[in-house]
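# Observations on the three-dimensional arrangement
Below, each chain spelled out in residue letters.
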Amino acid sequence: MASAWYLVLVIITQSTICFASVSLELAPTRVAEEEGNKKLPIVISTWPFVEAVKAAWNIVDGGGSPLDAVVAGCSACERLRCDGSVGYGGSPDENGETTLDAMIMDGTTMDVGAVGALRYVKDAIRAARLVMDHTEHTLLVGDQASKFAISMGLAGPANLSTDESMNIWSTWRATECQPNFWRNVVPDQGSCCGPYEIHSQQVHPFRALHEYGNGRPVRTSSEKGFGLKNHDTISIVVINKLGKIAAGTSTNGATHKIPGRVGDGPIAGASSYADDDVGACGATGDGDIMMRFLPCYQVVESMRQGLSPKDAAGNAIDRIKRKYPLFVGAIFAVNRHGDHSGACNGWTFQYTVRGSGMDEPQIFTIQPDD
Ligand SMILES: *[C@@H]1O[C@H](CO)[C@@H](O)[C@H](O)[C@H]1NC(C)=O
């Protein structure tokens with residue numbers, strides 16, 4: 001079938017370019033009609049973030065764009081401060097400040113907008129959307145991202161701390177700043193607060209890892225504080241009736257992160273990814289590790305090669321596990337027809353789905369050895 005189309009296109013291209021481009025535009029419509037997909041539209045989100053899924057569903061079911069639905073879903077979580085790990089008032093950094101990471105991706109055009117370490121502005125996903133819609137850039141960070149967001153009409157500067165986040169921070173200070181994200185420093189990061197510096201006798205960085213690494217050069221995700229009460233991310237995917245896909249992510253990152261840390265949230269292909277031709281993916285977990293593998297890019301590319309959503313998700317998790325057996329993380333995968341699955345490591349994962357033909361959002365549970 002594919003080769004037949006290719007042949008037709010080659011012949012058409014040789015006769016008239018104009019005609020060829022018309023044929024190309026018709027192809028997706030033909031596919032959608034033939035498959036008459038009963039699962040679309042569909043919304044999928046990490047974790048039992050049911051309110052976020054409902055908000056996104058209401059937009060896309062009402063005929064709104066997948067991008068608008070992604071913004072509605074992430075914004076709902078930012079307002080509700082889902083799990084304390086999305087939006088303001090959570091995950092204070094070493095200075096007690098909450099900063100936000102967010103990203104939105106258009107699977108039709110592959111446009112991406114993102115913000116990292118956003119300060120003083122609560123609407124992270126809206127800021128990401130502004131980067132996508134009104135600039136040629138992909139990612140803005142820090143103070144400059146905040147200035148951009150406010151200049152484009154978002155509320156701010158706002159205090160992103162709450163009594164709750166300040167309490168988390170002061171408890172952490174009172175317990176010698178444990179856990180934290182340092183290694184190979186003095187004083188010993190395993191028992192003392194900073195400021196830290198490089199050990200003066202350190203001659204070789206690799207030797208230092210063993211000599212000054214407090215006997216545990218590689219810490220597990222859970223030792224760094226990633227766990228079930230620190231889910232850290234909403235990643236959401238929306239596919240409309242016509243098969244147009246958008247994906248997005250919003251998070252306040254890792255609790256007690258070193259100021260300036262940006263995780264996987266605003267990195268396309270890490271926290272989420274979408275391509276109308278194939279499908280999409282959302283991820284959550286130890287972002288510092290996961291972003292090294294672009295797991296969502298991997299999932300979409302694996303599905304492009306013919307893997308099922310389940311195998312693609314499992315494969316992406318396995319690739320990380322091979323190098324970091326104890327990492328904590330999870331992925332959901334969805335193909336362009338709305339078939340979905342998930343995989344995880346180090347914790348039990350849940351994701352929420354609302355699709356055509358369902359009366360309400362449903363929560364799916366994935367075990368690490370599924
Ligand atoms: C921000 O809010 C927190 C929590 O209510 C408060 O402790 C802190 O002083 C506020 N910061 C500023 C600059 O107002």
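Residues numbered from 1 in each chain as written. Predicted model: local features only at pLDDT ≥ 70, side-chain atom pairs only at ≥ 80, totals over all residues.

### Overview of the packing of helix α3 (residues 50-61) against helix α4 (residues 66-80)
The axes of two packed helices give the description: the angle between them and the distance between them. Our working definition: Axis lines are fitted through C-alpha atoms, for helices just across the contact stretch, and the angle between N-to-C directions can take any value from 0 to 180 degrees. For helices the rule is a DSSP run of H or I covering at least 4 residues; for strands it is a run of E covering at least 2, with both sets numbered from the N terminus onward. Angle categories: roughly parallel below 35 degrees, roughly antiparallel above 145, roughly perpendicular from 65 to 115, and oblique for all the rest. Should the near helix be turned anticlockwise from the far one by less than a right angle, the crossing is left-handed, and should it be turned clockwise, the crossing is right-handed. Once C-beta atoms are placed from the backbone, any two residues with those atoms within 7 Å are in contact. Amino acids are sorted into nonpolar (Ala, Val, Leu, Ile, Met, Phe, Trp, Tyr, Cys and Pro), charged (Asp, Glu, Lys and Arg) and polar (every other residue, Gly among them).
One way to put it is that α3 packs onto α4 with a least axis distance of 7 Å and a crossing angle of 155 degrees. As far as their axial angle goes, α4 and α3 are roughly antiparallel. Crossing handedness for the pair α3 and α4: right-handed. Between α3, through E51, A52, V53, A55, A56, I59 and V60, and α4, the contact on the second element is made entirely by P66, D68, A69, V70, A72, G73, C74, A76, C77 and L80. Of the residues that constitute the contact of α3 with α4, the class distribution is 14 nonpolar, one polar and two charged.

### What to know about unusual backbone geometry
Note: most peptide bonds trans; most residues except glycine with negative phi. Formally: In this scheme every C-beta is placed from the backbone, and a residue whose C-beta has 20 or more other C-beta atoms within 10 Å is buried, one with 12 or fewer is exposed, and one in between is partly exposed.
Omega for the bond connecting L40 with P41 falls within 30 degrees of zero, at 0 degrees, which places this linkage in the cis form. With an omega of 0 degrees, the peptide bond between G156 and P157 qualifies as cis. Tracing the sequence through the fold places P157 in the loop between α6 (142-151) and α7 (163-174). Of note, the phi angle at R81 is positive, near 50 degrees, even though the residue is not glycine. Here R81 is to be found in the loop between α4 and β2 (100-106). Residue class for R81 comes out partly exposed when judged on the 19 C-beta atoms lying within 10 Å of it. A positive phi is found at L294, a non-glycine position, where the angle reads about 40 degrees. Note that L294 resides in the loop between α9 (287-290) and α10 (295-304). Of the residues examined, L294 has 21 C-beta atoms within 10 Å and is grouped as buried.

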